[in-house]
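# Breakdown of the fold
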Amino acid sequence: MDNRQEVSAFLKSRRARITPEQAGLPVYGQRRVPGLRRGEVAMLAGMSVEYYTRMERGNLAGASDSVLDALAQALRLDYTERDHLYALARTAGSSPARGRRRSKKATVRPSVLRIVEGLHDQPAYVRNNRMDILAANPLARALHCELFATAAEPVNTCRFVFLDPRATRRYPDWERVAREGVGVLRVEVAKNPYDRELSNLIGELSTRSDTFRTMWGAQDVHVFTEGTKRFLHPTVGEMELVHETLDLPGDDGLSITVYSADPGTPAADALRLLASWAATQQQEQQETAAEQSGAEG
């Protein structure tokens, strides 16, 4: 990924969404471009038009925190967008020769695995910054049974959402899920513009999915923290679960996602039914493996 192109596209997209009326500016004559003009952004941010133009052309190198804060305020960036702007500024000026690297193979620490596997009544998994699921407890595998039905692991949630036709049935709010996934990848590109695996994933999704390509061009960003997600499970039906995502300090790019249901809700009943189904599936797999082992012996 080219940092200058990322900076330019992001700033242009944020400028285009703000009308002069929203910014409290008078409107004179007919406007040829949507949103604010460069000069209007510069005025709101308290900088020269020439300086802002240089920034919008992709050059954030040397921009101070005060300049970035003023620009974020002028463009009405939310908390996630502001962090994204800072990430773009931190990687500005880095060269592909110095920055390009093959991502280290992430390893989930045994203590983290014990935490995930110890959550018997809550689906939980560990993922990296590319949305690869590196470890999951049995209930998470049952919840995402179609995702884990693929032969190759680690499975990737964005690849499933955009390339597997079952995903639109799996997620009743598919568009929101898809946009959030794209936003997470956009955030990671700003932090790691020369991550080869990340670039390869985005290239694959852009090539194979028109919808991904359109959403990617919107320049929206997202960070998973907490929220709700609806699932339509092929066995237990629809359930709305609460999810929490926690970053793992010391494990760069890794996080734990845990799903739960409010007590006394239909979702809690569905989650118990899912746990029962998962236990049955696991027992059947163990019996099948034992039979095959006995036959080979």
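What comes next is a walk through the structure. Residue positions within a chain follow its written sequence, with the count starting from 1. Restriction of local features to residues with pLDDT of at least 70 applies here, the model being predicted, together with a cutoff of 80 or more for giving and counting side-chain atom pairs; totals for whole chains, interfaces and linings are based on all residues. Remark: hydrogens and water are excluded; side-chain values derive from all non-hydrogen atoms of the structure.

## Some words on the overall build of the chain
Let me state the cut-off plainly: Under the scheme used here, helices are H or I runs from DSSP no shorter than 4 residues and strands are E runs no shorter than 2 residues, and both carry numbers assigned from the N terminus. For every residue, the accessible area (1.4 Å probe, protein chains only) is compared with the maximum for its type, and the residue is labelled buried under 20%, exposed over 50%, or partly exposed between those bounds. By definition, residues are in contact when any of their heavy atoms lie within 4.5 Å. Here the open area of atoms and residues is found with the Shrake-Rupley method and a 1.4 Å probe, where only the protein chains shown may cover a residue.
Broken down by element type, the chain carries 15 helices and 6 strands. When its C-alpha atoms are laid out on the principal axes, the chain stretches across 80 × 45 × 35 Å. Put simply, the chain has 297 residues, and 46% of those count as buried. Taking the contacts inside the chain whose residues are at least 6 apart along the sequence as the reference set, 57% of them involve residues at least 24 apart. Element-wise, carbon and sulfur atoms account for 50% of the exposed surface of the chain, whose accessible area totals about 15,700 Å².

## Quick look at unusual backbone geometry
Glycine aside, residues mostly have negative phi angles, and peptide bonds mostly take the trans form. With phi around 70°, methionine 131 is a residue other than glycine that occupies positive phi space. For methionine 131, the position within the fold is in the loop between strand 1 (124-127) and strand 2 (132-136). With phi around 65°, glutamine 219 is a residue other than glycine that occupies positive phi space. Looking at the secondary structure, you find glutamine 219 in the loop between helix 14 (210-217) and strand 4 (226-233). Judged by its relative accessible area of 6%, glutamine 219 is buried.

## Considering the packing of aromatic side chains
Definition in use: Pairing of aromatic side chains requires ring centres within 6.5 Å, counting the rings of Phe and Tyr and the six-membered ring of Trp. Pairs whose planes differ by under 30 degrees are stacked, by over 60 edge-to-face, and all others tilted. The criterion is that NZ of a Lys, or CZ of an Arg, lies within 6 Å of the ring centre and within 35 degrees of the ring normal, and then a charge sits over that ring.
In total, this model carries 7 aromatic pairs according to the counting rule given. Ring plane angle 45° and centroid distance 6.4 Å describe the contact between tyrosine 125 and tyrosine 259, whose orientation is recorded as tilted. Here tyrosine 125, found in strand 1, pairs with tyrosine 259, found in strand 6 (residues 255-260); they are 134 residues apart in sequence, far enough to count as distant. For tyrosine 125, a relative accessible area of 7% translates into the label buried. Ring plane angle 85° and centroid distance 5.2 Å describe the contact between phenylalanine 162 and phenylalanine 212, whose orientation is recorded as edge-to-face. Remark: phenylalanine 212 occurs in helix 14 and phenylalanine 162 occurs in helix 10 (residues 157-163); sequence separation between them is 50 residues. The exposure classification of phenylalanine 162 matches that of phenylalanine 212, with both residues buried. Members of the aromatic cluster, connected to one another through ring pairs, are Tyr125, Phe160, Tyr171, Phe231 and Tyr259. Looking at arginine 186, its charged tip hangs above the ring of tryptophan 216, at a distance of 3.7 Å from the centre.

## Some details on the state of the cysteines
What counts, and what does not: In plain terms, two cysteine sulfur atoms within 2.5 Å form what is called a disulfide here.
Following the criterion strictly, the structure yields 0 disulfides and no others. Not engaged in a disulfide, the cysteine cysteine 145 finds its nearest cysteine sulfur in cysteine 158; these two sulfurs lie 19 Å apart.

## Regarding the side chain of threonine 245
Short version of the rule: Here a polar contact is recorded for every N or O atom pair within 3.5 Å, except that within protein the pair must consist of a potential hydrogen donor and a potential acceptor, and residues adjacent in sequence are included only if both atoms are side-chain atoms.
Looking at the element boundaries, threonine 245 is found in strand 5 (residues 237-247). Within the structure, threonine 245 has its side chain in polar contact with the side chain of threonine 257 (distance 3.1 Å). Ignoring anything within four residues of it in the chain, the contact list for threonine 245 reads Arg127, Phe224, Thr225, Ser255, Ile256 and Thr257.

## Some remarks on the pairing of strand 4
Counted only if it meets this: A pair of strands is labelled paired if DSSP reports no fewer than 2 bridges between them.
Of the pairings in the sheet, the one linking strand 4 to strand 5 comprises 8 bridges and is antiparallel in character. Paired with lysine 229 across the strands is leucine 241, a residue of strand 5. What sits between the antiparallel neighbours strand 4 and strand 5 is a turn of 3 residues.

## Examining empty space enclosed by the protein
Here is the rule we go by: A pocket, in this scheme, is an open set of points on a 1 Å grid over the protein atoms alone with protein on both sides within 12 Å along at least 5 of 7 lines, while a cavity is a set where a 1.4 Å probe fits but cannot get out; residues line either one if an atom lies within 4 Å of a point. Grid points are joined across faces, edges and corners, and a volume is the space filled by probe spheres set on the points. We call Asp, Glu, Lys and Arg charged. Ala, Val, Leu, Ile, Met, Phe, Trp, Tyr, Cys and Pro are nonpolar, and the rest, Gly among them, are polar.
A full pass over the atoms with the stated rule returns 2 cavities of 30 Å³ or more. Within this model, the largest cavity holds a volume of roughly 190 Å³. For the largest cavity, the lining is made up of 16 residues, of which Tyr125, Met131, Thr157, Phe224 and Lys229 are closest to its centre. Counting residues per element, the ones that place at least two in the lining of the largest cavity are strand 1, helix 10, helix 12 (174-191), strand 5 and strand 6. Take the lining of the largest cavity: its biggest share by element is 3 residues, from helix 10. For the lining of the largest cavity, the residue count by class is 8 nonpolar, 6 polar and 2 charged. Empty space within the second largest cavity amounts to approximately 40 Å³. Every residue along the wall of the second largest cavity is listed here: Arg179, Val182, Gly183, Met215 and Asp220.

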